[in-house]
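Observations on the three-dimensional arrangement
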Amino acid sequence: MNIVMMGPPGAGKGTQAKILAERFDLLHLSPGDLLREAVREGTELGRKAKTFMDAGLLVPDELIVDLIGGRIREEEAGRARGVILDGFPRTLRQAEALDELLEESGRPLDAVVNITLPVEEAVRRLTGRRVCRGCGANYHLLYKPPRALGVCDLCGGPLYQRTDDTEETARSRLEVYRRETEPLISYYARRGLVREVDGRGNVDTVTDRLVKALRPGP
Ligand code: AP5
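Let us look at the structure shown here. (Residues numbered from 1 in each chain as written. Predicted model: local features only at pLDDT ≥ 70, side-chain atom pairs only at ≥ 80, totals over all residues. Heavy atoms only, no water.)

1. Some details on the overall build of the chain
Using the following cut-off: The helix count covers DSSP runs of H or I at least four residues long, the strand count covers runs of E at least two residues long, and both are numbered beginning at the N terminus. A radius of gyration in this sense is built from C-alpha atoms; the matching globule rule multiplies 2.2 Å by the number of residues raised to 0.38. Exposure classes here rest on a 1.4 Å probe applied to the protein chains alone. A residue is buried below 20% of its type maximum, exposed above 50%, and partly exposed in between. Note on contacts: a residue pair is in contact if any heavy atoms of the two residues lie within 4.5 Å. All accessible areas in this document rest on Shrake-Rupley with a 1.4 Å probe, and a residue is counted as covered only by the protein chains that are shown. Charged-residue counts in this description rest on Lys and Arg as positive and Asp and Glu as negative, His and the chain ends being excluded. Lysine's charge is taken at NZ, arginine's at CZ, aspartate's at CG and glutamate's at CD.
In terms of regular secondary structure, the chain is built from nine helices and eight strands. Radius of gyration (C-alpha) of the chain: 17 Å, near the 17 Å computed for a compact globule of 218 residues. For the chain, the spread of C-alpha atoms along the three principal axes comes to 45 × 40 × 35 Å. Burial analysis of the chain (218 residues in total) assigns 47% to the buried set. Restricting the contact set of the chain to residue pairs at least 6 apart, pairs at least 24 apart contribute 69%. If you sum the accessible surface of the chain, you get close to 11300 Å²; carbon and sulfur atoms cover 52% of it. Across the chain, the mean location of the 34 positive side-chain charges is 4 Å away from that of the 34 negative side-chain charges.

2. Some points on the site of the ligand
The test is simple: We call a residue near a molecule or strand when any one of its heavy atoms sits within 4 Å of it. In protein, a polar contact means a hydrogen-donor-capable atom and an acceptor-capable atom, both N or O and within 3.5 Å, with residues adjacent in sequence counting only if both atoms are side-chain atoms; elsewhere, any N or O pair within 3.5 Å suffices.
Around the ligand, the surrounding shell holds 34 residues, and the nearest of these are T15, L57, R90, R129 and R173. Between the ligand and the protein, one listed contact pairs a nitrogen atom with a backbone N or O atom of G87 at 2.8 Å. A distance of 3.5 Å separates a nitrogen atom of the ligand from a polar side-chain atom of R125. For the ligand, whose free accessible area comes to 1000 Å², the fraction covered by protein is 96%. Every element with two or more residues in the shell around the ligand is listed here: α1 (13-24), α2 (31-41), α6 (119-127), β6 (138-140) and α9 (203-214). Sort the elements by how many residues they give to the shell around the ligand and α2 lands first, with four residues.

3. Focus: the sheet that holds strand β7 (residues 159-160)
For the record, the criterion: Here, strands pair whenever DSSP counts at least two bridges between them.
Read across the open sheet, the three strands follow the order β6-β5-β7; overall the sheet is antiparallel. Looking at the sheet topology across the chains shown, the edges are occupied by β6 and β7.

4. Overview of the nonpolar core
We count it as follows: For our purposes a nonpolar core is just a set of buried Ala, Val, Leu, Ile, Met, Phe, Trp, Tyr and Cys residues, chained together by side-chain atoms within 4.5 Å.
Residues M6, L85, L98 and Y188 are the most contacted members of the largest nonpolar core, which totals 28 residues. Core analysis: the second largest hydrophobic core is formed by 16 residues, I84, I115, V197 and V206 among them.

5. Considerations on the packing of α6 against helix α7 (residues 167-181)
Any two packed helices are characterised by how steeply their axes cross, that is the angle between the axes, and by the distance between the axes. This is how the line gets drawn: Under this scheme, a helix contributes an axis fitted over its contacting stretch, all axes are lines through C-alpha atoms, and angles between N-to-C directions fall in the 0 to 180 degree range. What sets the label is the angle itself: under 35 degrees gives roughly parallel, over 145 gives roughly antiparallel, 65 to 115 gives roughly perpendicular, and the rest give oblique. By the definition used in this description, the sense in which the near helix is turned from the far one sets the handedness, with an anticlockwise turn below a right angle giving left-handed and a clockwise turn giving right-handed.
Packing of α6 against α7 brings their axes to within 10 Å, and their N-to-C directions diverge by 135°. Relative to α7, α6 is oriented oblique. Regarding α6 and α7, the two cross each other, and that crossing is right-handed. Along the contact surface, α6 presents V119, E120, A122, V123, L126 and T127, while α7 presents E167, A170, R171, R173 and L174.

6. Section: the environment of L85
Structurally, L85 can be placed in strand β3 (residues 83-86). Looking at L85, the relative accessible area reads 1%, which means it is buried. Residues L85 and R147 lie 62 residues apart in sequence; the distance between their C-alpha atoms is 31 Å. Contact partners of L85, with chain neighbours within four places excluded, come to I3, V4, M5, L29, I68, I72 and L98.

Here it is as structure tokens:
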């Protein structure tokens, strides 16, 4: 099963992709996570990507296509049961590159999940998010606070706020999404692949909706 997760920043793509990947034994690929890792490690990719990410802009297509293409090909060699792509594609060029990659591997795209969320709730989720520097676990100051302030429940690592989660940058990212990524929904709708899922409500409620939306039709 190969799934693309779409939805505005803060919709819950990362949270839900991790849950679904575990449940369906899929490889979870998130360019955002891979780029942040590259920035942390100070690689050439990380240096090139950082300015775009800090400004809430998309990283150039060729860098992203190389990054994700490499991972998908590696995984193809490993014969995983499929991939769940969280935050890729985000432009038409990336969507076309994904079509080529999947065609190469003889694995079709099964579904494009579009998680919807009102803008103001997305801003609340982004500005309240805190991430563990140690294990990458996600928290939220209101919706999922850690037991001890600023400390990860799972590994005891320190929690930080992503540089692109300030209100100003969060709003720019939402605008970039509306302008550059949302048009892809019609690209996939023409192929009958889109499953709309309401992203409001708690994490479990949204997971239930996703699992229902991904069940094969009658
Ligand atoms: P990326 O890391 O992909 O960020 P994003 O798409 O903006 O998505 P987010 O991670 O912010 O949100 P999410 O939908 O995953 O929500 P989450 O589950 O974390 O990309 C960052 C940057 O990298 C981009 O701006 C760009 O520069 C670059 N980039 C990445 N991909 C690229 C590409 N393909 N092309 C070019 N550039 C690219 O949840 C958010 C918060 O809400 C968390 O605190 C969580 O705990 C909480 N939460 C989640 N679900 C719920 C719920 N149901 N109820 C209450 N709280 C919830």
